[in-house]
Amino acid sequence: VADVAFTNVGRNIVNPVQIVWALQSSGELVAVASKPIQETAEAGEEMGRRGANLLREPRAVFATESGTYVLEAGDRLAVLRSGAVDTMQLRRGAAGARDLAVGSTGLLHVLLGAEVRVYQDPPRAAPLWTFDLDAAVLPAVGIAVNSRGEVYVAGAGQLALAVYDLDAQGRFRRTRAVEARDLGMRQVS
């Protein structure tokens, strides 16, 4: 399993509801009952599959009520919605696909190597914002977005966590950070 996701409902609060999506390295999304579903499934029972023969080298998954987003190797984004699949090449010639998150506003945040791109949904070729990460957080390994729109980036560099937010000029800037040693951690992964 390359990644897992619960359907994101409410104001960016993880609510497992009844199904967890497991993204297999082979390129399929597998729905598994996260708890017993009366007269339907036992906890851990497979509920279905999506994306067979559509996904190529998946790296990360994020699920919302409106769709499931899969970031693939080669910076390719696949969005699965009600039987349809849309794909988009985020950037040519780079292999920096790391992670993705959808905020409560519906904006899609994609961690690509040393930068974050923010897209509207449905994603278009040009992002709304692109910002570079501080060298101290690199290599970046994960991303999350809170209900206020702050972007949290986990890194394996000097900084274990860096938080970015829009400034008065409409640019993303780092607002706070913490080093791995201050958290008593050796490495973030």
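Each remark here, short or long, concerns the structure printed above.
Read on for a plain summary of the structure. Because the structure is a prediction, the values reported are computed rather than measured. (Residues numbered from 1 in each chain as written. Predicted model: local features only at pLDDT ≥ 70, side-chain atom pairs only at ≥ 80, totals over all residues. Heavy atoms only, no water.)

Some words on the overall build of the protein chain
Helix and strand counts for the protein chain come out as zero helices and 17 strands. Taking 189 residues into account, the globule formula puts the C-alpha radius of gyration at 16 Å, and the protein chain, at 17 Å, falls close to it. Viewed in the frame of its principal axes, the protein chain has a C-alpha envelope of about 50 × 40 × 30 Å. A burial count over the protein chain gives 42% of its 189 residues as buried. Summarising the internal contacts of the protein chain: among those between residues at least 6 apart in sequence, 32% fall at separations of at least 24. Split by element, the accessible area of the protein chain, about 9,900 Å² in all, is 47% carbon and sulfur. (Helix = DSSP H or I, 4+ residues; strand = E, 2+ residues; numbered from the N terminus. Rg over C-alpha atoms; globule rule 2.2 N^0.38 Å. Buried < 20%, exposed > 50% of the residue type's maximum accessible area, 1.4 Å probe, protein only. Contact = heavy atoms within 4.5 Å. Areas by Shrake-Rupley, 256 points an atom, 1.4 Å probe, with all protein chains shown as cover.)

A look at the side chain of Thr 64
Examined against the element boundaries, Thr 64 turns out to sit in strand β6 (residues 58–64). For Thr 64, a relative accessible area of 13% puts it in the buried group.

Here we look at the packing of aromatic side chains
A full pass over the atoms with the stated rule returns three aromatic pairs. Between Phe 131 and Phe 172, the aromatic rings sit 4.6 Å apart at their centres with planes inclined by 20 degrees, giving stacked as the arrangement. On the criterion of sequence distance, the pair formed by Phe 131 in strand β13 (residues 129–132) and Phe 172 in strand β17 (residues 172–179) is long-range, its members being 41 residues apart. Given a relative accessible area of 9%, Phe 172 falls into the buried group. In textbook terms, an aromatic cluster arises when at least three aromatic residues are bridged by ring pairs, as seen for Trp 129, Phe 131, Tyr 164 and Phe 172. The aromatic ring of Trp 21 is capped on one face by Arg 50, whose charged end is 5.8 Å from the ring centroid. (Phe/Tyr/Trp six-rings, centres within 6.5 Å; stacked < 30°, edge-to-face > 60°. Lys NZ or Arg CZ within 6 Å of the ring centre and 35° of its normal.)

Considering the pattern of salt bridges
Should the charged atoms of two oppositely charged side chains come close, the side chains can pair. The full count for this structure, using the stated rule, is 12 salt bridges. Close ionic contact of Glu 46 with Arg 49 constitutes a salt bridge, the shortest N to O distance being 2.9 Å. Here Glu 46 falls in the partly exposed class, since its relative accessible area comes to 41%. The partly exposed category is assigned to Arg 49, whose relative accessible area is 41%. (Salt bridge = Lys/Arg side-chain N within 4 Å of Asp/Glu carboxyl O.)

Concerning the pairing of strand β14 (residues 140–145)
Regular strands place their side chains on alternate faces of the sheet. Pairing between β14 and strand β15 (residues 151–155): five bridges, direction antiparallel. Along β15, the bridge assignment pairs Ala 140 with Gly 155. The turn linking β14 back onto β15 is made up of five residues, and Gly 149 within it adopts a positive phi angle of 95 degrees. (Pairing = 2+ DSSP bridges.)

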